[in-house]
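If you want the building blocks of each chain, they are given just below.
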Amino acid sequence: MTPLEAELAPRGRGVSRLHRQPVWRSAGRLADLPQWTGSAAAVGFLTLTIGYGIIIGGHGRVVSDALLSAAGFGIEAVKLSGQREINEFQILEALEIHEGTSLALFDADSALERLNQMAWVKNASVMKLYPNTLQVKVEERIPFALWQRGELVSIVNESGDVITDEVDGRYANLLLVVNHGAQRKAGEIITALEKVPDLRPRVRAAFLVSDRRWDLQLENGISIRLPQDNIDAALADLMKMDQDSGLLARDIVAIDMRLADRVTVRLSDEAAEQRKIMTGGRKKSGKKEQDT
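Before going into details, it helps to say that this report is about the structure given with it. In this text the structure is predicted, and so the values were computed from the model without any measurement. (Residues numbered from 1 in each chain as written. Predicted model: local features only at pLDDT ≥ 70, side-chain atom pairs only at ≥ 80, totals over all residues. Heavy atoms only, no water.)

### Thoughts on the sheet that holds strand β2 (residues 121–129)
As a reminder of what qualifies: When DSSP locates at least two bridges between a pair of strands, those strands are taken to pair. Runs of H or I in DSSP of at least four residues are treated as helices and runs of E of at least two as strands, each being numbered from the N terminus. Comment: axis = line fitted to C-alpha atoms, over the contacting stretch for helices; angle = value between 0 and 180 degrees taken between N-to-C directions. Residues count as neighbours in contact if any of their non-hydrogen atoms are within 4.5 Å of one another.
Sheet architecture is open: three strands sit in the order β1-β3-β2, paired in mixed fashion. In this open sheet, the two edge strands, each paired with only one partner strand, are β1 (77–81) and β2. Pairs of neighbouring strands in the sheet enclose a mean axial angle of 15°, with direction left out of account. With five bridges joining them, β1 and strand β3 (residues 133–140) adopt parallel strand pairing. Across the sheet, residue Val78 finds its bridge partner in β3, namely Leu134. Against the sheet, helix α6 (residues 108–116) engages β2 and β3, with an angle of about 160° to β2.

### Observations regarding the nonpolar core
Soluble globular proteins tend to bury their nonpolar side chains together. Cut-off, in case you're wondering: Throughout, nonpolar core names a set of buried Ala, Val, Leu, Ile, Met, Phe, Trp, Tyr and Cys residues whose side chains join them through atoms within 4.5 Å. Exposure is judged per residue with a 1.4 Å probe applied to protein chains only, and the accessible area is read against the type maximum: over 50% gives exposed, under 20% gives buried, and values in between give partly exposed.
Ile189, Leu199, Leu216 and Leu235 are the most contacted members of the largest nonpolar core, which has 32 residues in total. Elements supplying a minimum of two residues to this core: β4 (145–149), α7 (182–194), β8 (203–209), β9 (213–218), α8 (231–245) and β11 (252–256). With near-sequence residues (within four places) excluded, Leu235 lies in contact with Ala192, Leu193, Val196, Leu199, Leu216 and Leu226. One finds Ile86, Leu103, Leu115 and Leu146 within the second-largest nonpolar core, a separate group that totals 26 residues.

Put into structure tokens, the structure is as follows:
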């Protein structure tokens, strides 16, 4: 018998009882706990397990959105302002708001980036108005002219920057400028035409020639060849001739105003033939006109 066993033997305790004593104490402590402790522990374990599974499965954001929405922080209204060319559906699509999206977890910065990538958007702002409203303000680019090069037609702003290639009947009132470089110089011909309001509605297109002067194409097919300088004076003279003699309503093909001291009018083939018959002329001019 060891010294420890000899010391305990007189007290009536065996070695086996020495080892069982802590077990009796633990059992006594568990008996003192409330009856619901086991259920609470099970629920807690289950909650942690589910939470872990949600995080691992990538569903934490969805569940958080749902909980916040249920608590009254879901996006229930979107206030839009400033849009004219863009319809509301396009903006809502860019915001990417889904059912159950909460205002608190909505990524406003990403939404703003998507809005600014839209063709018509110059500037935009996205603001959260708690508890459940999103406010979106849009500043759009202003359409200034239509620009054609080859078969492609685009809407451009005043600086000549392309806004979009999607053109429909809503923009028929914009002046069509044609040829490369015309989009950057559209302002000068548009400003000149604004000074002759009776002529502007009759102009179908303006062609930039040699990157230095303009030809106007009227709705009735007449081409007006403008000088490189003093466009305002040339257009004023043209309108005076039209008021005096109805020049723009005649059967003519082109009016050449490139020279400051004269205006040359070219008749249509039918009108030229009729004039030849009336004047008895038989000689045809073989000279061909060239744009310069």
